[in-house]
2 protein chains.
Amino acid sequence: MPELRTGLHHLYLRDEDLRLGIELLFYAYRDFTAEPDRMLDEIGLGRAHHRAIYFVGRYPGINVGELLAILRITKQSLSRVLGELVRKGYISQRPGNVDRRQRRLELTEMGAALERKLSENQRRRIAAAYRAAGPNAVEGFRRVMLGLIDERDRGKVAGEPVRPMPATAARR
Amino acid sequence: MPELRTGLHHLYLRDEDLRLGIELLFYAYRDFTAEPDRMLDEIGLGRAHHRAIYFVGRYPGINVGELLAILRITKQSLSRVLGELVRKGYISQRPGNVDRRQRRLELTEMGAALERKLSENQRRRIAAAYRAAGPNAVEGFRRVMLGLIDERDRGKVAGEPVRPMPATAARR
DNA sequence: CAAAATACGTCAGTGATGTTGACATATATG
DNA sequence: CATATATGTCAACATCACTGACGTATTTTG
């Protein structure tokens, strides 16, 4: 269906084109995470903490279940990470208004500062790549990346926040 | 300099544009690795093994130092992974002709079969994303991804293999 | 040719991140 | 009230990474 719009069903993909795609993902991700990892290491945190901090910053008030759905790790893993972040004062929590079983998570001032510091690095890298590649390339980048993501999560990344929604939301 | 060519120095990047980029990378990488990870798990291997197998398949005859430069892990980590792969019969090794200190690595039949199986999955995902996005988007994707990679490795991914080169090559 | 550098390996210890499984508690819902 | 949900905890374990120290074979160099 989308193929018809643009006539792309004829796109000829050589093995090498696909290999290049695989490698681009490997190298880009490797370099994209390297510097934040180093910074985190200095304060005794790791990439898992970064991810939690990032998404709590992105969706203030997010609860544990929603975060689990994004990160796709076990609650035990997340619990450890989240516990450390709360203990160290990067994340605050309080029960939900409508569903008091939930822990609604937010960044503290300190957490927000760390989040900015970490993602500033990544933003800079992305901004440089975007600028060097140009607006058309950026649009193409987005289309392809979105296509790489599992269909059910494309909406999530495209903008609509994982809003808690009056109780019992995350039950997809 | 590249900005002048295309006049992109005016590209206006909102905070949200950059956030989207960060998230695209997170989600795409998460989903890109999920299925191979599951397959590997069944045969008692992990993502680290996949990476080694992939790059040995990509550069037959690659030596340990070159592989280390690509993966950016310690030799102790790589040694473990490589040792397992050799013991289990996925990778064969023999000393280099010109420098006999080197271990030149190659996939066995079995290793090549596993490599195909694993990356077939990733190829399919990439091919689908490419086809849905169209050739222009693919070109843009490549430009941006390349820009995200550390400059010194852009050549590597763009095609030129990490060829051993008559002795003393990898000393960048 | 002897000394130094290189390619690679190993042993030992540690830490971060993930997993499974079992069980507990508070709250919500039908 | 019975059941489902949101979350947590304890325990054990695997994978993948790291640091540091040291060893051997081979190549390069003064």
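Everything quoted here is computed from the prediction, not taken from an experiment. (Residues numbered from 1 in each chain as written. Chains lettered and ligands numbered in written order. Predicted model: local features only at pLDDT ≥ 70, side-chain atom pairs only at ≥ 80, totals over all residues. Heavy atoms only, no water.)

Colleague: Run through the packing of helix α7 (residues 135-148) of chain A against helix α7 (residues 135-148) of chain B, naming residues and quoting values.
Modeller: The axes of two packed helices give the description: the angle between them and the distance between them. Viewed as axis vectors pointing N to C, α7(A) and α7(B) meet at an angle of 95°, and their least axial separation amounts to 6 Å. In terms of orientation, α7(A) lies roughly perpendicular with respect to α7(B). In contact with A:A137, A:V138, A:G140, A:F141, A:R143, A:V144, A:M145 and A:L148 of α7(A), α7(B) contributes B:A137, B:V138, B:G140, B:F141, B:R143, B:V144, B:M145 and B:L148. Tallied by class, the residues present in the contact of α7(A) with α7(B) amount to twelve nonpolar, two polar and two charged. (Axes fitted to C-alpha atoms, helices over the stretch in contact; angles between N-to-C directions. Helix = DSSP H or I, 4+ residues; strand = E, 2+ residues; numbered from the N terminus. Parallel < 35°, antiparallel > 145°, perpendicular 65-115°, else oblique. Contact = heavy atoms within 4.5 Å. Nonpolar A, V, L, I, M, F, W, Y, C, P; charged D, E, K, R; others polar.)

Colleague: So what's going on with the protein's contact with DNA strand C? Which residues, and what values?
Modeller: Residues in contact with DNA strand C amount to 25 residues; listed here are only the nearest, A:R51, A:S77, B:K75, B:R101 and B:R103. Across the atoms of DNA strand C situated within 4 Å of the protein, the share located in sugar and phosphate is 56%. Here A:S77 contributes a side-chain N or O atom positioned 3.5 Å from a phosphate oxygen of DNA strand C. At 2.9 Å, a backbone N or O of A:R100 approaches a phosphate oxygen of DNA strand C. Breaking the surface near DNA strand C down by element, the ones donating at least two residues are α3 (47-58) and α5 (75-87) of chain A together with α4 (64-71) and α5 (75-87) of chain B. Of the residues contributing to the surface near DNA strand C, the split by class is five nonpolar, ten polar and ten charged. (Near = heavy atom within 4 Å. Polar contact = N/O pair within 3.5 Å; in protein donor to acceptor, adjacent residues only side chain to side chain.)

Colleague: Give a description of the relation of the copies chain A and chain B that names residues and reports values.
Modeller: In screw terms, the move from chain A to chain B is a rotation of 180° and a rise of 0.0 Å along the axis, fitting with an RMSD of 0.0 Å. Considering both components of the superposition, the chain copies are consistent with a two-fold axis. No C-alpha of chain A approaches the rotation axis more nearly than that of A:F141, which lies at 1.9 Å. In this assembly, 100% of the residues forming the interface of chain A have copies in chain B that are likewise at the interface, indicating an isologous arrangement. (Least-squares fit on C-alpha atoms with pLDDT ≥ 70 in both.)

Colleague: Explain the sheet that holds strand β1 (residues 62-63) of chain B residue by residue, including any values.
Modeller: All names here are of chain B. Strand order in the open sheet made by the three strands is β1-β3-β2, with antiparallel pairing throughout. With one partner strand each, in any of the chains shown, β1 and β2 (91-95) form the two edges of the open sheet. Both β1 and strand β3 (residues 103-107) contribute to a ladder of two bridges, which runs antiparallel. Each residue of the ladder has a partner; that of N63, found in β3, is R104. Against the sheet, helix α3 (residues 47-58) touches β1, β2 and β3, its axis set at about 95° to β3. (Pairing = 2+ DSSP bridges.)

Colleague: Residue-level account of the pattern of salt bridges, with values.
Modeller: All names here are of chain A. By the definition in use, this model includes 35 salt bridges over all chains. Note that R47 is salt-bridged to D37, the shortest N-O span being 2.7 Å. Pair noted here: R47 is in helix α3 and D37 is in helix α2 (residues 15-42), with a separation of ten residues, a long-range link. The exposure class of R47 is partly exposed, given its relative accessible area of 31%. For R72, the salt bridge is made with D150, and the minimal N-O distance between the two is 3.6 Å. (Salt bridge = Lys/Arg side-chain N within 4 Å of Asp/Glu carboxyl O. Buried < 20%, exposed > 50% of the residue type's maximum accessible area, 1.4 Å probe, protein only.)

Colleague: Go over the protein's contact with DNA strand D with me, naming the residues and quoting the values.
Modeller: The immediate surroundings of DNA strand D are formed by 25 residues, with A:K75, A:R101, A:R103, B:R51 and B:T74 found nearest. Backbone atoms, meaning sugar and phosphate, form 59% of the atoms of DNA strand D found within 4 Å of the protein. A distance of 3.3 Å is found between a phosphate oxygen of DNA strand D and a backbone nitrogen or oxygen belonging to A:V64. The side chain of B:Q76 places a nitrogen or oxygen atom 2.8 Å from a base oxygen of DNA strand D. Listing elements by their share of the surface near DNA strand D, those giving two or more residues are α4 (64-71) and α5 of chain A together with α3 and α5 of chain B. The greatest single-element share of the surface near DNA strand D, amounting to four residues, is contributed by α3(B).

Colleague: Would you mind going over the interface of chain A and chain B in detail, with residue names and values included?
Modeller: At the junction of the two partners, chain A supplies 60 residues and chain B supplies 60 residues. Of the roughly 6,500 Å² buried where chain A meets chain B, counting both sides, 69% is carbon and sulfur surface. Between B:E115 and A:R19 there is a salt bridge, and its shortest N-O distance comes to 4.0 Å. Counting across the chain A and chain B interface gives 22 residue pairs in polar contact (both at pLDDT 80 or more). For the side of chain A that touches chain B, the per-class residue count stands at 35 nonpolar, seven polar and 18 charged. (Buried area = accessible area lost by both parts, 1.4 Å probe.)

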